[in-house]
Amino acid sequence: MTSTDLHIHANHRHSLLASERTGFHSSSYLRSWALLVAQAIESYGLCSDEIFQEAGADLDSLKKNDSRFPSHQMQKVWQVAVARCQDPYIAIRVAQFFKPGAYSVLGMAMLASRHVYDALKRASRYAGFIGDVHHCSLQESEHEVAFVIQPPADFKSISNIYGMSATFSCLFNLLSELSSASLKVKEVHFEQELICHKALENFFGCPVYYGANSNKMVFDKRFVFSVQPFSQDQLASSLDDWLDEYLSKKHHNRVSARVQKVLLKNLLHGDTDLPAVASDLAMGIRDLQRKLQGEGTMYTELLDECRKKLSIQLILNNQHQISEVSCMLGFSNQSNFTRAFRRWTGTTPLKYRGC
């Protein structure tokens, strides 16, 4: 057995034991994501049905039924597939077969986005539609924006470098298709290690770091706000509504979903301060903050996202003056609203409306 074999099988055993300990059997991935991985497996001349069966999954049933794929089985599929094909860069092979349709409605919404930044925001907000094991977020500084994928704090061991690198590789392909110019990534970070690094660096066209504190793709802010010529704001907004409704039903017990529902109901009436929302949910303020933190978010982030959603709807409806929209959303003045809107979309409310 080679050192590569030992590395792959050690990861395989570690991941399976971790999956059993954590009890993540209730979380799942989009059916089309699992079928994409199966297609990549077949390209090695391997039988995807056998590999899925070894991982405890019925691929034939998955092809026939519009169901989601359990995350603990997805982790096993990755490990078995890499052990069989002996290719630690299986992510690149998956990306070769990737089409936006593998992300279903989210893929359509991302392609309809105004620019790469807007698509990244959608990927972060609706990542749970594809797979609900990890938490996704955007981290921003003055010059950079990073798309971050973080495992639950107590269960980092359920992640694997193969699935994570495939996710980033497919996201890179989708954003490249969306981008009006050649997409440039500054750097990519992975928490876990690979034996050799060159192939992914060539794929992304940037440095790739391993053993990092988080999994993330970092972009230069100067290049993510270029408006793409075929954006469809109304379509993207309608798809957002569908995704919001889907995730709300799927996660109706999540505190963050309940907070968003209260905010969207009350935002135009001004009842959006934290004490008012906590009271509406019959919870104490500290208890609410603690539960939101446990779900990987904060009240201010949810309020900001709801303000963005409503502002875009109001701007596109073209029934209110910009100053009215600013007041309706609780901004102290129009300048503050314009600054927030530029942060959300990369442009001003007037330009977004097309005036």
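Residues numbered from 1 in each chain as written. Predicted model: local features only at pLDDT ≥ 70, side-chain atom pairs only at ≥ 80, totals over all residues. Heavy atoms only, no water.

Undergrad: Mind laying out unusual backbone geometry, listing which residues take part and the relevant values?
TA: With phi around 60°, Q86 is a residue other than glycine that occupies positive phi space. Inspection of the secondary structure puts Q86 in the loop between α5 (71–85) and α6 (90–97). For Q86, a relative accessible area of 33% translates into the label partly exposed. The phi dihedral of N318 is positive, around 60°, even though this residue is not glycine. Within the secondary structure, N318 is located in the loop between α16 (299–317) and α17 (322–328). (Helix = DSSP H or I, 4+ residues; strand = E, 2+ residues; numbered from the N terminus. Buried < 20%, exposed > 50% of the residue type's maximum accessible area, 1.4 Å probe, protein only.)

Undergrad: How would you sum up the pairing of strand β7 (residues 215–220)? Please name residues and give values.
TA: Counting buried residues along β7, five of its six residues qualify, which places the element largely inside the surrounding structure. Alignment of strand β4 (residues 144–150) against β7, held across six bridges, turns out to be antiparallel. When the bridges of β7 are listed, E144 appears paired with D220. Of the strand pairs in this sheet, strand β5 (residues 187–189) and β7 are connected by three bridges, and their pairing is antiparallel. Note on β7: the bridge partner recorded for V188 is M217. (Pairing = 2+ DSSP bridges.)

Undergrad: Account for the environment of N317, with residues named and values stated.
TA: Assignment of secondary structure puts N317 in helix α16. N317 sits 83 residues away from Q234 along the chain, and the two C-alpha atoms are 9.4 Å apart.

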